[in-house]
Amino acid sequence: MTGQRLMSANRAVAEAVKLSEAKVVSAYPITPQTSIVEYLSEFIAKGDMDAEFIQAESEFGAMSACIGASSVGARVFTASCSQGLALMHELNYVAAGLRLPIVMAVTNRQLSQPLGMWCDHSDAMGERDAGWIQIYVETCQEALDTVIQAFKIAEHKDVLLPVMVCFDGFILSHTSENIKIPSQEAVRKFLPAYKPDADYHTLMDTKKPLAAGGGCPPAYGTEFDFKKFEAQEKAKEVIRKVDQEFADSFGRQYGLVEAYRCDDADVVLIAMGTVVGTAKEVVDKMREEKGWPVGVLKLRSYRPFPKEDVLKATAHAKVVAVLNRAISYGVGTPVYSDVAATLYGNSHRPILLNFIAGMGGRDVTQKTIAAVFEKAKKSADTGKVESELEWADLNKALVGA
Amino acid sequence: MSKPYWTKENFPITPNIRNPGGSLCFKSGAWRTLKPVIIIEKCNKCGLCQVYCPDGVVRKRKDGTYEIDLDYCKGCGICANECPKAAIKMVVE
């Protein structure tokens, strides 16, 4: 299938995995699984995709199968989210530690309790420090494109880390867009077959046997952590390079971040995922109707965290407002903490505001975002911060806040 | 001090063991707080200490008595516990 077609992000991701010619897909098929792996199992059953589908007994089993399959040199894909991703937690560290280039689609959804099934970023934030690369996308097209890019990034010799392609549950996963589907030939040219090297990769090769996943004494552990950290740092350049190559082949480019009308902005809103699309509309309106110089910075790559790009996009801002779809209980929010850590060491330190919105599937509307900009504008004008942390869409009357 | 298993020249990206004998490089005897001492006069050469040792560090000498490789003995005391002649005692190092 090439050309253009109306499809959901779930379908788009499945098409991307097929185009990437993944050889093994392992997944647990029941809630919170999405239709991604259902489409893939259909492709494989019909013979449209030359791959092995391993139906696992749980997400723990699915990631275990992915680790095994990747260790024998297969290009591997899985998908999960929410409780399922949490069940994978232990294995996610193993996959990153063994430096296996597995790609996983995460349809960001909340974690119980409260038990819902709707969108927020709590699930992926729980895996933030596992060593995986995390890319948050804004549109269905970007989801398709990023999955293809993700294999190339993950398999790059300087990186060799698994990649999570995170996209907002329901808001993207179950919403259809007109999607451009690249041809198999073009994708194959961009992303050739995965060929691991037995002397370098974790690769089960009877000619060059190795033992993987064994013990490591304190004399060496830190050095392997350092190697992983170094790979994340190097991944920034690789993500940029792969994105450029993708643009050359397919004409679409996304970057580590996307700075939308940030150049002359007094107020820069930082956000991830679909919220960014809504925020762009609000930015346009605020500029047109009120003449306020505001902009939005989309964090596409969250791990590695694009410090340099964040500094560049906020270099002239008076106020930086961070809109989070996740909470770090007892302190604030994860993205805010990373932005604060980035700006603190810098000579230009704008006022920093921290907002929570869109938890548990609550729609982040233009009204919510406009209110965030209004608060930020007030801070820009007065130089003062009203509150350290603002719950932007909280029903304050209901909880007496 | 153990001899290095990985060096600057061969340091990999992940702790995979490519050459056999890796455990010889990690002298796990350093974990020990109590060491087993065999009282040869009491030993009846039954070999139960060797059978029960979880680390395989009890070796038979030519004369039929046993010795313990303290480079790798972790001092668990199972040999002393199993010895029917109480010929092994655990002493603080």
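The rules behind these values
- For every chain, the first residue of the written sequence is number 1, and numbering continues from 1 onward in sequence order.
- The naming scheme follows written order: chains are lettered A onward, ligands numbered 1 onward.
- Reporting in this predicted model follows two pLDDT cut-offs: at least 70 for local features of residues, and 80 or more for side-chain atom pairs to be given and counted; totals over whole chains, interfaces and linings ignore these cut-offs and use all residues.
- Where helices and strands are cited, they refer to DSSP runs of H or I of at least four residues and of E of at least two residues respectively, numbered from the N terminus.
- Values of the radius of gyration come from C-alpha atoms, whereas the globule rule sets the reference at 2.2 Å times the count of residues to the power 0.38.
- Field definition: a residue is buried when 20 or more other C-beta atoms are found within 10 Å of its C-beta, exposed when 12 or fewer are, and partly exposed for counts in between, with C-beta atoms placed from the backbone.
- Residues are treated as contacting if the C-beta atoms built from their backbones sit within 7 Å of each other.
- What counts as a domain boundary in this text is fixed by an automatic or database domain assignment.
- In the scheme used here, Gly and all other residues not listed as nonpolar or charged are polar, with Ala, Val, Leu, Ile, Met, Phe, Trp, Tyr, Cys and Pro taken as nonpolar and Asp, Glu, Lys and Arg as charged.
- The predictor attaches a confidence to each residue, and that confidence, scored 0 to 100, is pLDDT.
- Note on definitions: angles span 0 to 180 degrees between N-to-C directions of axes, and those axes are lines fitted to C-alpha atoms, for helices only across the stretch in contact.
- To sort the angles, those under 35 degrees are grouped as roughly parallel, those over 145 as roughly antiparallel, those from 65 to 115 as roughly perpendicular, and the leftovers as oblique.
- What makes a crossing left-handed is the near helix being turned counterclockwise from the far one by less than a right angle; a clockwise turn instead makes it right-handed.
- The pairing criterion for strands is at least two bridges between them, as found by DSSP.

## Looking at the overall build of chain B
Then, number 1: On a plain count of helices and strands, chain B comes out with 2 helices and 4 strands.
Then, number 2: Counted from the first residue to the last, chain B has its helices and strands arranged as β-α-β-β-α-β.
Then, number 3: Taking 93 residues into account, the globule formula puts the C-alpha radius of gyration at 12 Å, and chain B, at 16 Å, lies well above it.
Then, number 4: Along the longest, intermediate and shortest principal axes, the C-alpha atoms of chain B span 50 × 25 × 15 Å.
Then, number 5: Taken across its 93 residues, chain B has 17% of its residues classed as buried.
Then, number 6: Of all intrachain contacts in chain B linking residues separated by at least 6 positions in sequence, the fraction that spans at least 24 positions is 66%.

## So, the overall build of chain A
Then, number 1: Each helix and strand counted, chain A has 13 helices and 15 strands in total.
Then, number 2: Taking 401 residues into account, the globule formula puts the C-alpha radius of gyration at 21 Å, and chain A, at 21 Å, falls close to it.
Then, number 3: The buried share among the 401 residues of chain A stands at 51%.
Then, number 4: Across chain A, contacts joining residues at least 24 apart in sequence account for 79% of those joining residues at least 6 apart.

## Regarding the domain arrangement of chain A
All names here are of chain A.
Then, number 1: What the domain assignment lists for chain A is domain 1 (3-250) and domain 2 (257-399).
Then, number 2: The C-alpha-based centres of domain 1 and domain 2 are spaced at 28 Å.
Then, number 3: Looking at the side of domain 1 that touches domain 2 element by element, the count peaks at 5 residues for helix H8 (residues 218-250).
Then, number 4: Tallied by class, the residues present in the side of domain 1 that touches domain 2 amount to 14 nonpolar, 8 polar and 6 charged.

## Overview of the confidence of the model for chain B
Then, number 1: Per-chain confidence: chain B averages 92 in pLDDT, with 98% of residues scoring 70 or above.
Then, number 2: Here the prediction assigns the complex a pTM of 0.93, and the interface score ipTM is 0.84.

## Observations regarding the packing of helix H1 (residues 9-19) of chain A against helix H2 (residues 35-46) of chain A
Residues and elements named next belong to chain A.
Then, number 1: With their axes 8 Å apart at the nearest point, H1 and H2 run at an angle of 45 degrees to one another. Compared by their axis directions, H1 and H2 come out oblique. Remark: the crossing between H1 and H2 carries right-handed chirality. Contacts between H1 and H2 pair Asn 10, Arg 11, Val 13, Ala 14, Val 17 and Lys 18 from the former with Ser 35, Ile 36, Tyr 39, Leu 40 and Phe 43 from the latter.
Then, number 2: Here the residues of the contact of H1 with H2 sort into 7 nonpolar, 2 polar and 2 charged.

## What to know about the packing of helix H9 (residues 275-290) of chain A against helix H12 (residues 366-382) of chain A
All names here are of chain A.
Then, number 1: For the pair H9 and H12, the least separation of the axes is 9 Å and the interaxial angle reads 60 degrees. The angle between H9 and H12 places the two elements in the oblique class. The hand of the H9/H12 crossing is right-handed. From H9, Thr 278, Ala 279, Glu 281, Val 282 and Met 286 reach across to H12, where they touch Gln 366, Ile 369, Ala 370 and Phe 373.
Then, number 2: For the contact of H9 with H12, the class distribution of residues is 6 nonpolar, 2 polar and 1 charged.

## Notes on the sheet that holds strand S3 (residues 52-55) of chain A
Residue and element names in this part refer to chain A.
Then, number 1: Spatially, the 7 strands line up as an open sheet ordered S3-S2-S4-S5-S7-S6-S12, and their pairing is mixed. At either end of the open sheet lies a strand with only one pairing partner, and these are S3 and strand S12 (301-303). When strand polarity is set aside, the average angle formed by the axes of neighbouring strands in this sheet is 20 degrees.
Then, number 2: One ladder, built from 4 bridges, connects strand S6 (residues 133-136) with strand S7 (residues 163-168); its direction is parallel. Across the sheet, Tyr 136 pairs through a bridge with Cys 166, a residue of S7.

## A closer look at helix H11 (residues 334-344) of chain A
Then, number 1: Turning to H11(A), its buried residues are Pro334(A), Val335(A), Tyr336(A) and Val339(A).
Then, number 2: Residues of H11(A) that are buried sit in contact with helix H5 (122-125), strand S10 (267-271), strand S11 (294-299), helix H10 (307-313), strand S13 (319-324) and strand S14 (351-356) of chain A.

## Points about the environment of Asp129(A)
Then, number 1: Note that Asp129(A) resides in the loop between H5 and S6.
Then, number 2: Asp129(A) gets classed as exposed once you count the C-beta atoms within 10 Å, which come to 12.

## Considering the sheet that holds S11(A)
All names here are of chain A.
Then, number 1: Here 6 strands make up an open sheet; going across it, the order is S9-S11-S10-S13-S14-S15 and the pairing mixed. Looking along the sheet, the strands with just one partner apiece sit at the ends: strand S9 (257-260) and strand S15 (389-391). Strand-to-strand, the axes of this sheet are offset by a mean angle of 20 degrees, without reference to chain direction.
Then, number 2: In the packing of H11 onto the sheet, contacts are made with S10, S11, S13 and S14, and the angle to S13 comes to roughly 150 degrees.

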